[in-house]
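Here's the letter readout for the chains.
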Amino acid sequence: MAASPARRRRWEREQARLKASVVEEDTEEWQKDPHFTGLERVGGVDLSYIKGDESRACASLVVLSYPALEVLYQDCRMVAVSAPYVAGFLAFREVPVLVEAVQRLQREEPQLQPQVLLVDGNGLLHPRGFGTACHLGVLTDLPCIGVAKNLLQVDGLVRDELHREQVRSLQRSGEAFPLTGTSGKVLGMVLRSYNNSSKPLYVSVGHRVSLDTAVRLVRGCCRFRIPEPIRQADIRSREYLRKQPCAPVEVLEAVPASPDRCDLRVNRNTCRELVLAPRSWGGSRVPHSYISKEEAELED
């Protein structure tokens with residue numbers, strides 16, 4: 001499954017149109033507080049694909065309490081992904097199902113809506129300055145942060161010996177250095193998030209958050225190398241695939257967007273699992289046994 005030149009050009013135009021709506025600064029009061037006072041819910045998203053089949057995946061949205069990082073909400077759903085994977089255009093493959101998951105939460109459990117989303121991918125650190133975290137942020141109008149495990153080599157950024165030396169200079173959790181492209185723009189930060197792992201994270205602005213706030217929050221969400229919202233979304237989507245090897249799928253395809261909105265075509269023949277945890281809405285706490293010991297030690 002490949003993207004035609006015409007489709008790529010259409011995607012590029014759509015990225016350019018949506019990029020104009022990206023806000024690269026803090027917009028919420030909690031973001032301006034040194035201790036993030038007022039932040040209570042942090043979301044994470046992930047897609048896990050069936051081995052050997054890139055057309056089927058489990059889309060997962062989790063919401064964690066902050067700062068305790070306990071899972072409050074989980075929504076896993078099998079989906080058929082219709083758009084091909086093309087480097088630089090991952091959002092057109094994955095964002096439609098993630099937007100649908102966020103909208104479902106807003107309809108059914110609005111009190112659990114996350115105040116910020118952490119995305120396994122890039123934001124402004126992207127060939128056209130509009131990665132998955134930007135795309136999801138603009139379409140949901142939620143603060144979003146891009147958190148990547150590898151350096152995307154754009155604007156002169158390369159993983160050369162100088163970069164590796166800078167990474168080695170990060171000795172303790174919380175230490176970071178900026179990623180400055182040849183254009184002179186700071187595209188993100190390289191963050192050592194966990195003392196027991198020398199592998200850094202690449203943090204970038206998605207939408208409605210400053211880079212400084214993004215780095216501080218990612219650091220505050222890490223029990224291991226990967227921030228807990230993303231880590232839990234990944235663990236639970238993989239667990240869902242193991243439990244539902246023949247689950248029915250939801251076919252969700254992005255259709256040409258109007259100038260003012262992004263339209264989705266949805267087949268609602270779905271398989272869904274929802275777990276609500278504690279507090280006053282009467283859900284049951286997610287059992288710790290849901291996660292294996294091996295998964296609890298997951299870093300990558």
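Just so we're clear, the structure is a prediction, and the values are computed from it rather than from any experiment.

Below, the discussion takes up the side chain of Gln115. Relative to the helices and strands, Gln115 resides in the loop between α2 (91-108) and β4 (116-120). By relative accessible area, Gln115 is classed as buried at 17%. A distance of 3.0 Å separates a polar atom in the side chain of Gln115 from the backbone oxygen of Gly38. Polar contacts involving the side chain of Gln115 include one to the main-chain amide nitrogen of Glu40, which spans 2.6 Å. If sequence neighbours within four positions are ignored, Gln115 has contacts with Trp30, Gly38, Leu39, Glu40, Arg41 and Pro143.

Here the focus is the layout of surface pockets. Estimated volume of the largest pocket: approximately 810 Å³. Around the largest pocket sit 38 residues that line it, and Leu90, Asp120, Gly121, Asn122 and Ala148 are the ones nearest its centre. At 5 residues, the largest contribution of residues to the lining of the largest pocket is made by strand β1 (residues 41-50). Split by residue class, the lining of the largest pocket holds 21 nonpolar, 9 polar and 8 charged.

Chain-level statistics for the chain give a pLDDT mean of 85 and a share of 81% at 70 or above. In this model, residues 251-300 is a region of pLDDT below 50 whose contacts with residues beyond four sequence positions or in other chains number 129 contacts.

Right, let's talk about the nonpolar core for a bit. Within the largest apolar cluster, 35 residues are counted, with the highest numbers of intra-cluster contacts made by Leu39, Tyr66, Val116, Leu118, Ile145, Leu217 and Val218. For this core, the secondary structure elements donating two or more residues are β2 (53-65), β4, α3 (132-140), β5 (144-148), β7 (186-191), β8 (201-207), α5 (211-220) and α6 (228-243). If we ignore the near neighbours within four places in the chain, the residues touching Ile145 are Val116, Leu117, Leu118, Val119, Ala133, Val203, Ser204, Gly206, Val209, Ala214, Leu217 and Val218. Formed by 24 residues, the second largest nonpolar core is a distinct cluster that contains Leu47, Val81, Val95 and Ala133.

The rules we used
Residues numbered from 1 in each chain as written. Predicted model: local features only at pLDDT ≥ 70, side-chain atom pairs only at ≥ 80, totals over all residues. Heavy atoms only, no water. Helix = DSSP H or I, 4+ residues; strand = E, 2+ residues; numbered from the N terminus. Buried < 20%, exposed > 50% of the residue type's maximum accessible area, 1.4 Å probe, protein only. Polar contact = N/O pair within 3.5 Å; in protein donor to acceptor, adjacent residues only side chain to side chain. Contact = heavy atoms within 4.5 Å. 1 Å grid on protein atoms, 1.4 Å probe; cavity = no way out; pocket = protein on both sides within 12 Å on 5 of 7 lines; lining within 4 Å. Points joined across faces, edges and corners; volume = space filled by probe spheres on them. Nonpolar A, V, L, I, M, F, W, Y, C, P; charged D, E, K, R; others polar. pLDDT = per-residue confidence, 0-100. Core = buried A, V, L, I, M, F, W, Y, C linked by side-chain atoms within 4.5 Å.

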